[in-house]
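# Coordinate inspection notes
In case you want the letters, here they are:
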Amino acid sequence: MNPMTETGNVAFTVDEAGVATISFFHPSHNSLPGALLKKLAHTILEAGQEESVRVIVLRSEGERTFCAGASFDELISIQNKEQGLEFFSGFAKVINACRTCGTIIVGRIQGKAIGGGVGVAAATDYCFATEQAAVKLSEIAVGIGPFVVGPAVERKIGLSAFSQLALDATEFRSAAWAKDKGLYAEIYETIPEMDAAVQDFALKLASYSPDALTALKEVFWSGTQDWETLLEQRAGISGTLVLSDFTRNFIQEFKSK
């Protein structure tokens, strides 16, 4: 088996129209370990700095799950607050990369989004999805909480809807619910239908003034200048809670199944 398939990968391509596609994959339902999160954040920032890139399409591979959140294998190995902070800072780096890269990001959500995956979808500027793209914030059930992704999710769908997701942590909300709340702009029955819409929209954006799009993105993200500090603080909260007896017991029960 290809080693890249075993450990996951991040890919980056640009077409002649200036549409960049950033794609990530991990065999465990696209759950992302720290190394992949760091590479994904770096790739987003790198794409935003390339003059040839007019718009970014952010997607994952596979059909059933867009992103299952952070790697549970790494979660269960955390031994102290420092490791906890580093672990939970992974999605903070990706969200802040989406926020600061300066290029409009179009999300392509082909399947379920869980935990950090919801945060990534919320960090895009315009998001397409399929009817299979249900969402769930499962963190509180583990004894932590959606603290890192919370600002991005709340910014996109509002406090009330975020509260529903955060507290009803064991149940998925449908793609239609997510569209109604503003997370998704459009939903489609099939992946090919969604991909056609993503391509058409990306090409349309690529034909617009890059300077105007950059200025518009700054407007979209106004008021988030403190997120570098805020998301790190939030990562520290989860990094401490993960060491609690509640979470440790949950992990032991999970491992024994």
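From a predicted model like this one, the values you see are computed outputs, not experimental measurements. All residue numbers here refer to positions counted from 1 along the written sequence of the relevant chain. It should be noted that, the model being predicted, local features are given only for residues of pLDDT at least 70 and side-chain atom pairs only at 80 or more, the latter also being counted only at that level, while totals for whole chains, interfaces and linings use all residues. Remark: hydrogens and water are excluded; side-chain values derive from all non-hydrogen atoms of the structure.

## Regarding the sheet that holds strand 8 (residues 135-136)
Threshold: Two strands qualify as a pair provided that DSSP identifies no fewer than 2 bridges between them. Only DSSP runs of H or I covering at least 4 residues are called helices, and only runs of E covering at least 2 are called strands; the numbering of each starts at the N terminus.
The strand order across the open sheet formed by 3 strands is 4-6-8, and the pairing between neighbours is parallel. At either end of the open sheet lies a strand with only one pairing partner, and these are strand 4 (65-67) and strand 8.

## Some words on the side chain of Thr247
Applicable threshold: For every residue, the accessible area (1.4 Å probe, protein chains only) is compared with the maximum for its type, and the residue is labelled buried under 20%, exposed over 50%, or partly exposed between those bounds. By the criterion applied in these results, polar contacts are pairs of N or O atoms within 3.5 Å in which, for protein atoms, one can donate a hydrogen and the other can accept it, and in which residues neighboring in sequence qualify only through two side-chain atoms. Throughout, a residue-residue contact means that at least one pair of heavy atoms, one from each residue, lies within 4.5 Å.
The residue Thr247 is located in helix 13 (residues 245-256) in this model. Accessibility expressed as a relative area gives 0% for Thr247, which makes it buried. Within the local environment of Thr247, its side chain forms a polar contact with the backbone oxygen of Leu241, the two atoms lying 3.4 Å apart. The residues touching Thr247, leaving out its near neighbours within four places in the chain, are Val142, Gly143, Ile144, Leu241 and Val242.

## Some words on the environment of Thr229
Among the structural elements, Thr229 can be located in helix 12 (residues 227-241). Through-space distance from the C-alpha of Thr229 to that of Ser71 is 23 Å; in sequence the pair is 158 residues apart.

## Quick notes on the packing of aromatic side chains
To keep it simple, the criterion reads: Centres within 6.5 Å make a pair out of two Phe, Tyr or Trp rings, where for Trp the six-membered ring is used; the pair is then stacked when the planes are under 30 degrees apart, edge-to-face when over 60, and tilted otherwise. Only when the NZ of Lys or the CZ of Arg is both within 6 Å of the ring centre and within 35 degrees of the ring normal is a charge said to sit over the ring.
A complete count under the given rule lists 7 aromatic pairs for this structure. Ring geometry for Phe87 against Phe88: centres 4.7 Å apart, planes inclined by 90°, an arrangement best described as edge-to-face. For the residue pair Phe87 and Phe88, the accessibility class agrees, reading buried in each case. Summarising the aromatic geometry, the rings of Phe128 and Phe201 are spaced 5.5 Å apart at their centres and angled 65° between planes, so their arrangement reads as edge-to-face. Separated by 73 residues along the polypeptide, Phe128 in strand 7 (residues 126-130) and Phe201 in helix 10 (residues 191-206) bring together distant segments of the chain. Of the residues examined, Phe128 reaches a relative accessible area of 3% and is grouped as buried. Residue classification places Phe201 among the buried residues on the basis of a relative accessible area of 18%. Among the aromatic residues, those joined into a ring-pair cluster are Tyr126, Phe128, Tyr188 and Phe201. The ring of Trp221 carries Arg155 above its face, with NZ or CZ at 3.6 Å from the centroid. The ring of Trp177 has Arg173 sitting right over it, with the charged end atom 5.3 Å from the ring centre.

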